[in-house]
Amino acid sequence: MLLSLVLHSYSMRYLLPGVVLLGSAPTYVLAWGAWRLLSALLPARVYQLVDDRLYCVYQSMVLFFFENYTGVQILLYGDLPKNKENIIYLSNHQSTVDWIVADILAIRQNALGHVRYVLKDGLKWLPLYGCYFSRHGGIYVKRSAKFNEKEMRSKLQSYVKAGTPMYLVIFPEGTRFNPGQTKLLSASQAFAAQQGLPVLKHVLTPRVKATHVAFDSLKSYLDAIYDITVVYEGKNANWQQQQKEPLTMTEFLCKECPKIHIHIDRIDKKDVPEEQAYMKRWLHERFEIKDKLLIEFYDSPDPARRNKFPGKSVHSKLSLKKTLPSVLLLGGLTAGLLMTEAGRKLYVNTWIYGTVLGCLWVAIKS
């Protein structure tokens, strides 16, 4: 019985965030859909301004649970500008929580509504979210030979023309690094060796296509590229040896990660090569730097230099004033919907028909 109680208490840690975040999705989609209809005859910039604000509200609620609720310490290394910029965000990819880390940095620059993702194509079928991410400015891409450069370039150039603020998140590895998937790591290292590139240990060989198309399409509009390196610190003293699989969102919400170490390197756009062949080499060099940072973090022979990045860290705490109002607003609106029969019917229909129509929309656009 005691064991059952412990397991039940553990599961409750992620049950509340899951219920609130997923439960408020129809409410958010209804609000966005109403604004989409009302703004149909207005300039695109006006629609984008309010859409970014709506997105900021929802993602602030997400950060309430992933930061305030979990109590995770955010340790920042390097230089994160205080003011918002138009940027491409390049990061190592090891966990589903990596998407949240982009939000963690963006909210500290008052740019949370401007976050847009380059996503793998399969995610477009997510109920409600799949369609909306695309409408907010996300770009779905297929890997390797199926990559549609023309489509991605066209969409990005339309954002430049519309003056859409851009905090474009790309994970150049294309998939999550998993130390337990030795075949994936071996294949990545073999590919690097075949290309005459240094072999990497704690990251996968980056793919250049999406990064090159993004930079080439946005270069006149960008201020900089943010090169981000992330480590999730475990609870136990020997967490590195025990962590055979990447951290999941569920584990994170269960407070299995007390600290996130985030190294930020701001690169001015004039220092980024424009030609794809040169950018491929430049991008790999950036991942070599990441790999060295991670080797130092995990494997430094000096114990005093382990479990941290070089340089001074800043413990950045997110104020409840930035997140709690969004929880109360979306939670209150959702509760209000569910209190009446008509509201419950609208809520359920939004889940059903919103998902169906969203999937139809992305299928047509594909």
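Residues numbered from 1 in each chain as written. Predicted model: local features only at pLDDT ≥ 70, side-chain atom pairs only at ≥ 80, totals over all residues. Heavy atoms only, no water.

Asker: Just give me the short version of the sheet that holds strand 3 (residues 115-120), but keep the residues and values in it.
Answerer: Reading across from one edge, 4-3-5-2-6-7-1-8 is the order of the 8 strands in this open sheet, with mixed pairing throughout. Two strands close off the open sheet at either side, each with one partner strand: strand 4 (139-141) and strand 8 (313-316). Here the strands of the sheet are splayed against their neighbours by 25° on average, with no regard to which way each runs. Bridge count for strand 3 against strand 4 is 3 bridges, and the pairing is parallel. Its bridge partner lying in strand 4, V118 is registered against I139. In the packing of helix 4 (residues 98-107) onto the sheet, the strands contacted are strand 1 (73-78), strand 2 (87-91), strand 3, strand 5 (167-170), strand 6 (224-233) and strand 7 (259-268), and the crossing angle to strand 3 comes to about 165°. Each of strand 3 and strand 4 is contacted by helix 5 (residues 129-136), which is oriented at about 115° to strand 4, the strand it contacts most. (Pairing = 2+ DSSP bridges. Helix = DSSP H or I, 4+ residues; strand = E, 2+ residues; numbered from the N terminus. Axes fitted to C-alpha atoms, helices over the stretch in contact; angles between N-to-C directions. Contact = heavy atoms within 4.5 Å.)

Asker: So, the environment of Y132: which residues are in play, and what are the values?
Answerer: Along the chain, Y132 falls in helix 5. Once the C-alpha coordinates of Y132 and S316 are considered, the two residues, 184 residues apart in sequence, prove to be 30 Å apart. Y132 has contacts with Y28, W32, D51 and Y55, leaving out every residue within four places of it along the chain. Side chain to side chain, Y132 and Y28 meet in a polar contact 2.7 Å long. (Polar contact = N/O pair within 3.5 Å; in protein donor to acceptor, adjacent residues only side chain to side chain.)

Asker: So what's going on with the side chain of S326? Residues and values would help.
Answerer: Examined against the element boundaries, S326 turns out to sit in helix 12 (residues 324-338). Of note is the side chain of S326, whose polar atom sits 3.1 Å from the backbone oxygen of V57. Setting aside residues up to four positions removed in sequence, S326 forms contacts with V57, S60, M61 and G331.

Asker: Provide a residue-level description of the state of the cysteines, including the pertinent values.
Answerer: What the rule picks out here adds up to 0 disulfides. Left without a disulfide partner, C359 is nearest to the cysteine sulfur of C131, which lies 8.5 Å away. (Disulfide = S-S within 2.5 Å.)

Asker: For helix 4, give the residues involved together with the corresponding values.
Answerer: Among the 10 residues in helix 4, 10 count as buried, and that is most of the element. Along helix 4, the residues that are buried comprise D98, W99, I100, V101, A102, D103, I104, L105, A106 and I107. (Buried < 20%, exposed > 50% of the residue type's maximum accessible area, 1.4 Å probe, protein only.)

Asker: Talk me through unusual backbone geometry; I want residue IDs and the actual numbers.
Answerer: Excluding glycine, residues mostly have negative phi values, and the peptide bonds linking residues are mostly trans. A positive phi angle, near 65°, is found at L128, a position not held by glycine. Within the element layout of this structure, L128 appears in the loop between strand 3 and helix 5. If you check the backbone angles, N307 has positive phi at about 60° while not being a glycine. As for its placement among the helices and strands, N307 is situated in the loop between helix 11 (276-299) and strand 8. Of the residues examined, N307 reaches a relative accessible area of 30% and is grouped as partly exposed.

Asker: Could you give an account of the packing of helix 3 (residues 44-69) against helix 5, naming the residues involved and the relevant values?
Answerer: Packing of helix 3 against helix 5 leaves a shortest axis separation of 11 Å and a crossing angle of 135°. With respect to each other, helix 3 and helix 5 are oriented oblique. The interaxial crossing formed by helix 3 with helix 5 has left-handed handedness. Of the residues in helix 5, those touching helix 3 at Y47, Q48, D51, D52, Y55 and Y58 are Y129, Y132, F133, R135 and H136. (Parallel < 35°, antiparallel > 145°, perpendicular 65-115°, else oblique. Left-handed = near helix turned anticlockwise from the far one by under 90°.)

Asker: Let's hear about a nonpolar patch on the surface: which residues, and what values?
Answerer: Taken together, V348, I352, Y353, V356, L357 and L360 make up a surface patch of nonpolar side chains, about 590 Å² in accessible area. Topologically, Y353 is positioned in helix 13 (residues 341-365). (Patch = residues over 30% accessible without salt bridge, like charges linked within 9 Å, V, L, I, M, F, W, Y side chains within 5 Å. Areas by Shrake-Rupley, 256 points an atom, 1.4 Å probe, with all protein chains shown as cover. Salt bridge = Lys/Arg side-chain N within 4 Å of Asp/Glu carboxyl O.)

Asker: Explain the packing of aromatic side chains to me, using residue names and the numbers behind them.
Answerer: On inspection of all chains with the given rule, the structure shows 17 aromatic pairs. Seen from their ring centres, Y28 and Y58 are 5.2 Å apart, and the 50° between their planes marks the pair as tilted. Highlighted residues: Y28 in helix 2 (residues 25-38) and Y58 in helix 3, separated in sequence by 30 residues. The residues Y28 and Y58 share a single accessibility class, namely buried. Ring geometry for Y117 and F133: centres 6.5 Å apart, planes at 75°, overall edge-to-face. Taken together, the residues span a long stretch of sequence, with Y117 in strand 3 and F133 in helix 5 at a distance of 16 residues. By relative accessible area, Y117 is classed as buried at 6%. Through a chain of ring-to-ring contacts, the aromatic side chains of Y28, W32, Y55, Y58, W99, Y117, Y129, Y132, F133 and F171 assemble into a single cluster. Over the ring of Y47 we find R36, and its NZ or CZ is 3.9 Å from the ring centre. Positioned above the aromatic ring of F287 is the side chain of K290, whose terminal nitrogen or guanidinium carbon lies 5.3 Å from the ring centre. (Phe/Tyr/Trp six-rings, centres within 6.5 Å; stacked < 30°, edge-to-face > 60°. Lys NZ or Arg CZ within 6 Å of the ring centre and 35° of its normal.)

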